[in-house]
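Now for the letters of each chain:
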Amino acid sequence: MISVIVPVYNAQIYVAKCLESILTQDWEDIEVIVVDDGSTDASVSIIKEFVEKDYRVRLVTQSNGGRSRARNTGIENAGGEYILFVDADDELTPGAIRRLAQAIREEQADAAVGSIEMVYEAHQELRESDAWYYTIRQKGTMIVDDALVDDFHCSACAVLFRQSIIKNNALRFPDGLCFEDACWHWMYFTCCQKIAFVPQPVYRYWRHPQSIMAATFELKEGVAIQHLYVAEKIFAFWEARKELASRPQTVSKLLEAFFWFAFRYSQDFEKPRAVYECARIIHRFKIPVAGWENLCRISEGNLSFLFPAKEKDQSESDLRNYARFLQIKGVVDRVLPHGSHRRYWVYLAARWGWKIVLRFTGRTAK
């Protein structure tokens, strides 16, 4: 049996179409676990109609905790040999489950990965890059190594996973973080030996204006930097398995890629924090930075390439200010743990205070 897990939060506009795309698949042996994550709209009423009509649909409710927690709840309630994730505002393409199930069974693979078809309500400019990223170029079954894991999309959707691998490795999505799919991708697939690929589109992904990726591209505060926290989760997972030291190239490459994403899509006042978090991760895990010029500079505190200034004096002043920032950040980290409400309000007050200082001293706060 295949357990299809659908996390739902205020998806009344989309959830019916999503569930219909699952229930009309030409593969009967499924259970659909719909996890309502504290919706305040009509989502639950719509889901209950499907529960009454189709015995394969089961509703699980919880207080709002985010998509990762909802998916984890689905995993804990899943009884199938395989697991498939479908977001409530997306759909499966016709025949998707059959293609994935046949691929994973016939090849005795640890996962089956399919292509994703994109539909745009926002960010049309991403069409070309999306087409490259979400299209599976591999064919058949391949033995897993880090280069392969890095060579296909990291969406947790459009993939059929083995429940046994999830259980045996105690895999869960990172609670409270955005970009949870990237974390799951690297943790799950580095526990695998063989992957089957399905080049045909099995999943229809809608780019909505209110999505996390839309917030990232629009530089919403506090979003892009979470790429670095995701990297930290992945490295901690490998460290616990005593695998971190055996993949130095992957670790350095991943950290540099995640850093540049976080830095590029952060607002100017957040960029020093992104640099600090990258340096902290380098030192925590003793990341090998030799041969990685940018990571080496960050590790050594040579940051002029990230914060260029027209005059040398201004550049040195900015670096001194950044050093003070690190000192203050170190104190805050010891006193206020990550994720605490007190930490959030202290940071919020500090940012607004800094903006006020800049305004009164004649500089611009960005």
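Criteria and thresholds
Residues numbered from 1 in each chain as written. Predicted model: local features only at pLDDT ≥ 70, side-chain atom pairs only at ≥ 80, totals over all residues. Heavy atoms only, no water. Helix = DSSP H or I, 4+ residues; strand = E, 2+ residues; numbered from the N terminus. Buried < 20%, exposed > 50% of the residue type's maximum accessible area, 1.4 Å probe, protein only. Contact = heavy atoms within 4.5 Å. Areas by Shrake-Rupley, 256 points an atom, 1.4 Å probe, with all protein chains shown as cover. Phe/Tyr/Trp six-rings, centres within 6.5 Å; stacked < 30°, edge-to-face > 60°. Lys NZ or Arg CZ within 6 Å of the ring centre and 35° of its normal. Arc of directions from axis to C-beta. Salt bridge = Lys/Arg side-chain N within 4 Å of Asp/Glu carboxyl O. Pairing = 2+ DSSP bridges.

A. Just the overall build of the chain, in detail. What the chain contains, in helices and strands, is 15 helices and 9 strands. Relative to its full complement of 366 residues, the chain shows a buried share of 54%. Partitioning the intrachain contacts of the chain with sequence separation of at least 6 by distance along the chain shows that 77% fall at a separation of at least 24. As displayed, the chain offers around 17900 Å² of accessible surface, 53% of which is attributable to carbon and sulfur atoms.

B. Fine view of the packing of aromatic side chains. With the rule as written, the count across this model stands at 22 aromatic pairs. Where F152 meets F197, the ring centres are 5.3 Å apart and the plane angle is 75 degrees; that geometry is what we call edge-to-face. Taken together, the residues span a long stretch of sequence, with F152 in the loop between helix 6 (146-149) and strand 8 (159-162) and F197 in strand 9 (residues 194-207) at a distance of 45 residues. When its relative accessible area of 5% is taken as the criterion, F197 is described as buried. Where F259 meets F263, the ring centres are 5.5 Å apart and the plane angle is 35 degrees; that geometry is what we call tilted. Remark: F263 and F259 occur in helix 11 (residues 248-264); sequence separation between them is 4 residues, near one turn of the helix. Comparing F259 with F263 shows no difference in burial state: the two are buried. An aromatic cluster is defined as three or more aromatic residues linked by ring pairs; in this entry it consists of F85, F152, F161, F173, W184, Y188, F189 and F197. Above the plane of the ring of W238 lies R247, whose end atom (NZ or CZ) is 4.4 Å from the centre. Sitting over the face of the ring of F263, K271 holds its NZ or CZ atom 5.0 Å from the ring centroid.

C. View of helix 4 (residues 96-106). Turning to helix 4, its buried residues are A96, I97, L100, A101, A103 and I104. Taken around the axis of helix 4, the buried residues stretch over an arc of 165 degrees, which confines them to a single face.

D. The pattern of salt bridges, seen in detail. The full count for this structure, using the stated rule, is 26 salt bridges. For the salt bridge of R241 with E243, the shortest nitrogen-to-oxygen distance reads 3.1 Å. Taking the shortest distance from any N to any O, the salt bridge between R247 and E243 comes out at 3.0 Å. No difference in accessibility class separates R247 from E243, as the two residues are buried. Salt bridges linked by common partners bring R67, R71, D87, E180 and D181 together as one network.

E. Summary view of the pairing of strand 9. The buried count for strand 9 comes to 10 of 14 residues, which makes it a mostly enclosed element. Sheet analysis places strand 6 (residues 111-120) next to strand 9, joined by 10 bridges and oriented parallel. Paired with A112 across the bridge in strand 9 is A196. Pairing analysis gives 4 bridges linking strand 7 (residues 140-143) to strand 9, with the strands arranged antiparallel. Note that in strand 9 the partner of I143 across the bridge is K194.

F. Region of interest: helix 3 (residues 67-77). What helix 3 keeps buried is the set S68, A70, R71, N72, T73, G74 and I75. Where the residues of helix 3 are buried, they touch strand 1 (2-8), strand 2 (30-37), strand 3 (57-62), strand 4 (82-85), helix 7 (163-168) and helix 8 (180-189).

G. Structural detail: the environment of V6. Along the chain, the position of V6 falls in strand 1. Of the residues examined, V6 reaches a relative accessible area of 0% and is grouped as buried. As a C-alpha pair, V6 and F85 span 79 residues in sequence and 6.2 Å in three-dimensional space. Setting aside anything within four residues of it in sequence, one finds V6 in contact with C18, L19, I22, V32, I33, V34, V35, V86, D87 and A88.

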